[in-house]
Amino acid sequence: MRSQVFEDLNINTYDLSVDMLDVHADRNTFHRFDKFNAKYNPVGESSLREIYLKTDNYVRGKYFAAILKVINVILS
């Protein structure tokens, strides 16, 4: 499923960057729900949010947990 999503989006996982994901927020993002909602969907695709940023998905949040572990290590 994951590879199919990237294939459908014509994205190579090695090309991903913060700029491409378009999830960085500035102070105006939190004052307007439409801007916040747009930033909540990596690359503007809700399918990526469903796979990587939710806990109630097919893999029961495995990818989200891995992301949080990396962030925890970085912040420690």
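Computed from a prediction, not measured in an experiment: that's the story for all the values here.

Chemist: Can you walk me through the side chain of Arg49 in this structure?
Modeler: Within the element layout of this structure, Arg49 appears in helix H4 (residues 46-52). Of the side chains bearing the opposite charge, Glu50 lies closest to the buried Arg49, which forms no salt bridge; the N-O distance is 5.3 Å.

Chemist: What is the right way to look at the nonpolar core in this model?
Modeler: Soluble globular proteins tend to bury their nonpolar side chains together. Val5, Phe6, Ile11, Leu48, Ile51 and Tyr52 form the largest nonpolar core, which has 6 residues in total. Among the elements that take part in this core, H4 stands out by supplying 3 residues, more than any other.

Chemist: Would you mind going over the side chain of Asn57 with me for this structure?
Modeler: With respect to the helices and strands, Asn57 occurs in the loop between H4 and helix H5 (62-75). Take Asn57: its relative accessible area is 12%, and that puts it in the buried class. At a separation of 2.9 Å, a polar atom in the side chain of Asn57 contacts the main-chain carbonyl oxygen of Glu50. The contact partners of Asn57, leaving out residues within four places of it in the chain, are Glu50 and Ile51.

Calculation criteria
Residues numbered from 1 in each chain as written. Predicted model: local features only at pLDDT ≥ 70, side-chain atom pairs only at ≥ 80, totals over all residues. Heavy atoms only, no water. Helix = DSSP H or I, 4+ residues; strand = E, 2+ residues; numbered from the N terminus. Buried < 20%, exposed > 50% of the residue type's maximum accessible area, 1.4 Å probe, protein only. Lys, Arg positive; Asp, Glu negative; His and termini not counted. Salt bridge = Lys/Arg side-chain N within 4 Å of Asp/Glu carboxyl O. Core = buried A, V, L, I, M, F, W, Y, C linked by side-chain atoms within 4.5 Å. Polar contact = N/O pair within 3.5 Å; in protein donor to acceptor, adjacent residues only side chain to side chain. Contact = heavy atoms within 4.5 Å.

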